[in-house]
Structure formats: C-alpha cells, structure tokens
Amino acid sequence: MAAAELEDASVAMLDIQTSIATGEAASSLNNNNKRKRGDDDDDGNNNQAKNNTKTNNNKRRKKKKGGTSHQHRIKQKRNWIESCSESITRIPTNCAAPVTCVITRSEIEEEPLLPKQINNAGADGVTQNEDTNTLDKGDDGVIASAEVDCTCNSEPKQIVKTTNIASLSKFFTDAISKEPKQPWKIETTITVDGEEKKLFIPVQRHSSANGPTKWQQKKKMQGNKTSWNYFHLPDGDNGDGKKNPYPKETVPDKFWAQRKRLFSRYDEGIQIGGEDDPEMWYSVTPESIGLHIANRMFALINLGQKNIRDTRANDMSKTSCNDSKKEIVIIDAFCGCGGNSIAFARLNDSIDVAGNNTRVKVIAVDNNLSRLNMAANNAAVYGICKEDFVFVHADAVEVVNVYKEGSRKKVPTDIPANNKYQTCSGFSVGGVELLPDHVDALFLSPPWGGLDYDSGNSNFDPVKEITLESKMSNEESDQGNVGAILKTNGGELLTMAAKAVLSESKQEGLVVTFLPRNIDGISVSRIAVTSGVKGSIELEQNVVNGKVKTVTAYLGPCVNKSMRGGK
C-alpha cells in the first residue's frame, strides 16, 4: 500500500474513533437547546429579554479574557484519557481490533507535606493555594542532594561529578553493522483471513475510571466545612525549617518542598544528584506511586504464573531443592536514582510476597554510573538485602535485546574490564555479565523530553516524543573521540521490550511503561499491535489526592487474564 494510502487509512481510523465522542457531545448540546427553546416559547417578551441579557453577559465575559478563571481553563486542558469515550461495541465492519485499550484509575491519598493554615486566617507575604499540596509539573519528582561517594558507606559527601556513560558493547555494535537496522513502522492496517482491514483500537473504560475521583467526592461532601488550606513558605521550606540550598532556576522551590514525597527517608542520607545532573530532579517516581506500581506488577506476575504452577504441581521430576523459594526477576531498565527499583525490592517486606514463598530480585540498569552509585546508596538507606539487588551499568537498548520471550539469548558479550565487579554501599555494580538467565517483568521509564513534555500538547506520542541516544562502541570512541549514535524512538523501545519478555505460547511475561498523564492511548495501543501484543492493554491513571499525575501502561498475557477476572 502506498504511503499516502496508509496515511489516509490512519486518518480515517482516527475520524471513526473521535466522531463518536463529537457526535455524543453535539447531540447533548442540541437536546439542551431544544429544552431551553421550549421553556422560553411560553412568553415571547420574556424570551427576547433573556436573549438580550445573555448577549450582554457574553460581551462582559469577552472583556474578561485575561481573568484567572479563563487562565485556569487553559491550564487544565483535557487530555486524551479524559476526553475519549468508549467504543468497545462500535467496531466498524471494515476494521480489525486485535487490541483493546482498557482505561483504569488508581487513587492514592497522601498526607500533604506542606504546612496547614486556617481558612481566611491570612499571613503576611504568604499566598494561600490549595493546589500546592500536589505536584503540578515535573510530576515524577524533583530533589537535590550531594553526590554519593562509593568509597564510604557512612554520611554522604560532596564530591566532584564524574561522567561515565555506558556505550553499546562491541559485540552488539558489530551485530548492528552486519545487519543494518530495519525502518520501524507503526501498523495502520492488519490482515485477517487474507483480507486487509483498517486497524481500529476499541476503548473500554473500567468502572474505576468513570465519574469523579473519591477525593473530589469527599471535598464535594465537605462543602464549605473544610477548615484548612496548604501554602508554600519562602525558599521551599515545607515547615521543617530547611530551605532550598540550590539555585531556583535549577531546582524550583516547589520541588524542594516536596522532597519527602519522592523518598520518605530523605533526611537519612538519600541521594538524588546535584546541580550537574538536572534530569534527576524531575525523573524520580514519587514513592507512593512507585509502591503502588510494584504491588500491581507483583499481583499480575503472580496471576500469570498461577496456571504454570498448577501444571507443574503433578510433575515432581521438575522439582529440586532450589525450588523451595520461587524467584521473580524484575528489570528496571532506567533505574536512575532507584525510586522504582527500591519499591520493587521492598516487596520482599510484604506479607503477600513472603506468605507466597516468593522472593523478588531486582536488576537495576542505567547507562550513567553516577546514578547507579546513588541508587545503591539509597537502597542501603532503605535496608534492602544485598542478595535482592543487582546493579548493571549498561545501555537499556542492549539490555532489552539480550532477551527473547523471557530467556537470555545464547550469544557472547563483550564486557569492558572497568565495569566488572565494582562495589558501592555493599552492592555489586557491573556490566551485562550480571544479567540473569530469565526475566519475568520489564519496567520502562524512559525520559519524556524534559519539564516541557506537556506544554501545549494534550496527546503525548511516544514515537515522536521519546528518543534514546546510545553511544556505539568503536575505535574512535575508545580514544576519546565522539563515536556514532544509535537513535531509538519510544515505539521501537516498546516493541523490543515486548519481544524480549512476552511469550504468548507460554502465556508469560509483563511489560510495564511509565508514561506522562497526557499520553495518547491510541498511539500506545498501535505500538502494542505492532509489537505483536494481543488482547487487552491497560492504561492506569495514577491519581494522587484527586489529581492525575502519571499513566502506567501494562502489557502482557497476565493483563488479559486480569481483565477477564483472573480466568
């Protein structure tokens, strides 16, 4: 099919899916107008007076374009998830729908970290703002701290930042050179029984994603009885007297004020970079969201492995003394400072995990050695067992390509000598030689493009907005010169991850991707189809204190089973 035809097919498919919501809105508006006209027809004079009044009011509203309410409406743009409507029962006959996008919602309530003040009490120089008890922008968190010194496990020290970015191994680079990378294209059509059909993505809303959030319902019930507001003190002070020690243009005060939302044990020596690593200040997942994702992933993995355990129960020949404790392996491909990795490892303290005779092992991967060192320090602060955590200094693209359907490929790897067996805070830090032979789940949290990821864009497309740059190993780069760069977009990354972990034949594997709140669900679903995923994918809105912070995408056979009630 020609490129123009593919584009027309794609546009047609989008028109089909969006026309439903537009039609419903237009129908509702017409009905309302009919009711209004019917009421006004009782008295022609009154009708004329009302119309004049409405016209005058509209004129007054137009003069107030710069008002606060108008600016607030612009700021609160409706994203794809909030504006889309269900289409699960309206699939056109000339279309195929191999994947259904299921929208869910998780609600987390936190005790606000900012100081309280009685309504209307007033305070000199302090502006009250109820919305400051949650992050508005840079929702993944922001914080700053001293760089970690791996030669000492006591108090953190301020040290000079050393850049050590992992490059792709020579073996992986040679393999790419021999087999040039094929252009990656997202699917817009699909063949069913020899007939080519347009790709249609049905959308289904779970009951949890309908209506207002519990937080909004509670505030509505309270009405004017709420007696507290939350406000910012100067210099990021959240009531503990500690002011922001970093330049405000680098670490805004609102991020510093909410440092304990990212790590509740921040004051015990947590490390999240310094001025030289600004990306970390908006890349750490808030602790409450990280723990929720960890528990969801464990539940889905356990659900996916239930049938496997049942089939093996009668086969005693496959049981050995090492099978007394089942091990679940989770790879965090973009570890950063360890927010999600630590949440995964903390599952071992859960009664559900311990009672299930299971142990979670976390493989924390990052191409930045300084960030791995900080993550190791943070894991030590939380008392993570050394056997439950492995740190791998490698590029995420290469790590993902090491596996196929959950098992490691039988290929040699070229490991740089300076990456072997370093130790930081008691944890081993090495290269891809530390990767296990099997993986159950892969967690992806790639960079979204900085703090402006949601500026003027209500539909975040991973293919266009996410781009990874991997350094390719060659003789020139080894001599200190700039080597070639391998670019991978968000769609390619998700396709690699699906092929690395998911196994339809074994009904195993789970891929989880951490995405911004303005994600385009149709784009993610198309990527899933291109990746060979079938059935349902889940897009979960992570709501904290009534506000949507992020969206987590879950892909895999266990997600289908979960949507069917575990069957």
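Everything quoted here is computed from the prediction, not taken from an experiment. Per chain, residues are indexed from 1 in the order of the written sequence. Local features are withheld for residues below a pLDDT of 70 in this predicted model, meaning they are given only at 70 or higher, and side-chain atom pairs are given and counted only at 80 or more; totals for whole chains, interfaces and linings count all residues. Excluding hydrogens and water, the side-chain values take into account all heavy atoms of the structure.

Visitor: Quick question: what am I supposed to make of unusual backbone geometry here?
Guide: Note on backbone geometry: most residues besides glycine have negative phi, and most peptide bonds are trans. For Asp193, which is not glycine, the phi dihedral falls at a positive 55°. By the element assignment, Asp193 lies in the loop between β4 (189-192) and β5 (195-199). The backbone of Glu405 shows a phi angle near 55°, a positive value even though the residue is not glycine. Secondary structure follows DSSP: runs of H or I at least 4 residues long count as helices, runs of E at least 2 residues long count as strands, and numbering of each begins at the N terminus. If you trace the backbone, Glu405 turns up in the loop between β11 (403-404) and β12 (407-408).

Visitor: Explanation requested: the side chain of Thr530 in the structure shown.
Guide: With respect to the secondary-structure elements, Thr530 resides in helix α18 (residues 521-530). A simple rule labels every residue: compare its accessible area, found with a 1.4 Å probe on the protein chains alone, to the largest value its type can have, and call it buried under 20%, exposed over 50%, or partly exposed in between. Residue class for Thr530 comes out buried when judged on its relative accessible area of 16%.

Visitor: In this structure, what is going on with the packing of aromatic side chains? I would like to understand it.
Guide: Think of a pair of aromatic rings as described by two things: how far the centres are apart, and how the planes are tilted against each other in angle. For Phe, Tyr and Trp, rings pair up if their centres lie within 6.5 Å, where Trp contributes its six-membered ring, and each pair is then called stacked (planes under 30 degrees apart), edge-to-face (over 60) or tilted (otherwise). Under the definition given, this model contains 7 aromatic pairs. Look at Phe389 and Phe427: their rings are 5.9 Å apart centre to centre, the planes differ by 80°, and that puts the pair in the edge-to-face class. Linking Phe389 in strand β10 (residues 389-393) with Phe427 in strand β14 (residues 427-430), this pair joins segments that are 38 residues apart in sequence. Relative to Phe514, the ring of Trp448 has its centre 5.8 Å away and its plane inclined at 35°; by these criteria the two rings are tilted. Residue Trp448 is located in the loop between β15 (441-444) and α15 (462-465), and its partner Phe514 is located in strand β18 (residues 510-516); the two are separated by 66 residues in the primary sequence. With respect to burial, Trp448 and Phe514 carry one shared label: buried. Over the aromatic face of Tyr554 sits the side chain of Arg296, whose NZ or CZ is 4.7 Å from the ring centroid. Charges are assigned to positions over rings by a cutoff of 6 Å between ring centre and Lys NZ or Arg CZ, combined with an angular limit of 35 degrees from the ring normal. Between Lys386 and the ring centre of Phe427, over which it is positioned, the NZ or CZ distance is 4.8 Å.

Visitor: Which parts of the structure should I look at to understand the pairing of strand β9 (residues 358-366)?
Guide: Successive residues of a regular strand alternate their side chains across the two faces of the sheet. Burial of β9 is extensive: 7 of the 9 residues sit out of reach of the surface. Sheet topology places strand β8 (residues 326-332) next to β9; 7 bridges connect them, and they run parallel. Pairing of Ile328 across the sheet is with Val360, part of β9. Pairing between strands is defined by DSSP: at least two bridges between the two strands are required. With 5 bridges connecting them, β9 and β10 associate as parallel partners. Across the sheet, the residue bridging to Asp366 is His393, located in β10. Considered for its hand, the β-α-β crossover made up of β9, helix α13 (residues 369-381) and β10 is right-handed. By definition, the crossover connecting two strands over a helix is right-handed if that path, from the first strand to the second, turns clockwise as seen with the strands pointing away from the viewer.

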